[in-house]
Amino acid sequence: MAKRRQIFEGEAKVIFEGPEPGTLVQHFKDDASAFNSRKKGTITGKGVINNRISEHLMTKLGGIGIPTHFMRRLNMREQLIREVEIIPIEVMVRNVVAGSLAERFNLTEGAVLPRSIIEYYYKAGDLNDPMVNEEHVTAFGWASPQELDEIMSMTLRINDFLSGFFLGVGIKLVDIRLEFGRLWEEDQMRIVLADEISPDSCRFWDAETNEILDRDRFSRDLGGIAEAYQEVARRLGILPESAPYDIQGPQIVQ
Ligand code: ADP
Ligand code: MG
């Protein structure tokens, strides 16, 4: 196979040049990190599962009219996406108290919030992704007020849809982190959902028992991490192509 040009390597994914202009290949790794990369590890099979889960959820969101970067899955670890100009903000929606929100305000983890709260974090690893507000986003020119409005309304729709969707399979969507980007089509620009939606980017708790089914199993040393990711996939009806992990068997050459 021709060597592809690597554009970027992040914590969880590698981005390669795509086959056509305006496309990229998103490769999901097994690497895990927490506490702004101070803790690192590997979760065998995570990349394979996240590729499938993100494909599934982006496709569902596309079905309700949310524009996304997802085009199609290429193989176990890779998907073809539209190249966008990433808005350097992580948009987080919280439905239930967990993590840093509990710490900051001394709240009990698991308390249902009176209404969903949106938070913004500036994507800058060397600064530990500081929390920012709308004023920073617009004053520093990361997004215009119009773009931010659109991002906010898309975020609320995504959160509403996914909250109901996950509840249907016995999972509480505690919180979710989203990334958006600008996509140009001829002279038109629109905001689309980018990056991934997976147990790396969401907090998923079992609806009955509150068992953690996401990356917090890694950050909190709870064990059973791969099994938890598998469980989310299983509940979504996604059957891994080669369960439980991507053991490399003979490959068909096309
Ligand atoms: P990070 O360590 O920054 O979280 P990841 O391992 O998640 O990085 O790698 C994915 C990178 O690709 C992120 O920086 C993300 O902003 C970027 N990205 C995601 N979707 C797209 C897209 N459609 N076009 C361009 N860049 C994207
Ligand atoms: Mg990321």
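This structure is a prediction, so every number in the text was calculated from the model and none was measured. (Residues numbered from 1 in each chain as written. Chains lettered and ligands numbered in written order. Predicted model: local features only at pLDDT ≥ 70, side-chain atom pairs only at ≥ 80, totals over all residues. Heavy atoms only, no water.)

### What to know about the packing of aromatic side chains
On inspection of all chains with the given rule, the structure shows 5 aromatic pairs. Judged by centre distance (5.9 Å) and plane angle (80°), the rings of Phe165 and Phe166 are edge-to-face. Over the ring of Phe16 we find Arg4, and its NZ or CZ is 4.1 Å from the ring centre. Sitting over the face of the ring of Phe218, Lys39 holds its NZ or CZ atom 5.0 Å from the ring centroid. (Phe/Tyr/Trp six-rings, centres within 6.5 Å; stacked < 30°, edge-to-face > 60°. Lys NZ or Arg CZ within 6 Å of the ring centre and 35° of its normal.)

### As for helix α6 (residues 225–235)
In terms of residue burial, α6 counts as a mostly covered element, since 8 of its 11 residues are buried. Looking at α6, one finds that the buried residues are Ile225, Ala226, Ala228, Tyr229, Gln230, Val232, Ala233 and Arg235. Looking at the buried positions of α6, the neighbouring elements they touch are α1 (46–63), α4 (145–167), β12 (171–185), β14 (202–206) and α5 (216–219). One or two steps after α6, the chain reaches Gly237, where phi turns positive at roughly 80°. (Buried < 20%, exposed > 50% of the residue type's maximum accessible area, 1.4 Å probe, protein only. Helix = DSSP H or I, 4+ residues; strand = E, 2+ residues; numbered from the N terminus. Contact = heavy atoms within 4.5 Å.)

### Topic: the nonpolar core
Ranked by internal contacts, the top residues of the largest apolar core, which has 45 residues, are Leu162, Phe180, Leu193 and Ile197. Taken together, domain 1 (6–83 + 223–253) and domain 2 (85–206) each give at least three residues to this core, which thus spans both. Leave out the neighbours within four places in its chain, and Ile197 touches Ile53, Ser54, Leu57, Met58, Leu61, Leu162, Ile176, Leu178 and Cys202. Listed in part, the 5 residues of the second largest apolar core include Val96, Ala98, Val174 and Trp205. (Core = buried A, V, L, I, M, F, W, Y, C linked by side-chain atoms within 4.5 Å. Domains from an automatic or database assignment.)

### Structural notes on the sheet that holds strand β1 (residues 6–9)
Within the open sheet, the 5 strands sit side by side as β1-β2-β3-β7-β6. Their pairing is antiparallel. Two strands bound the open sheet, and with one partner strand each, they are β1 and β6 (70–73). The sheet shows a mean angle of 25° between the axes of neighbouring strands, direction not considered. When strand β2 (residues 13–17) meets strand β3 (residues 23–28), the two strands line up antiparallel, connected through 5 bridges. Within the sheet, the bridge partner assigned to Phe16 lies in β3 and is Val25. Together, β3, β6 and β7 (78–82) form the strand contacts of α1, whose direction differs from that of β6 by roughly 135°. (Pairing = 2+ DSSP bridges. Axes fitted to C-alpha atoms, helices over the stretch in contact; angles between N-to-C directions.)

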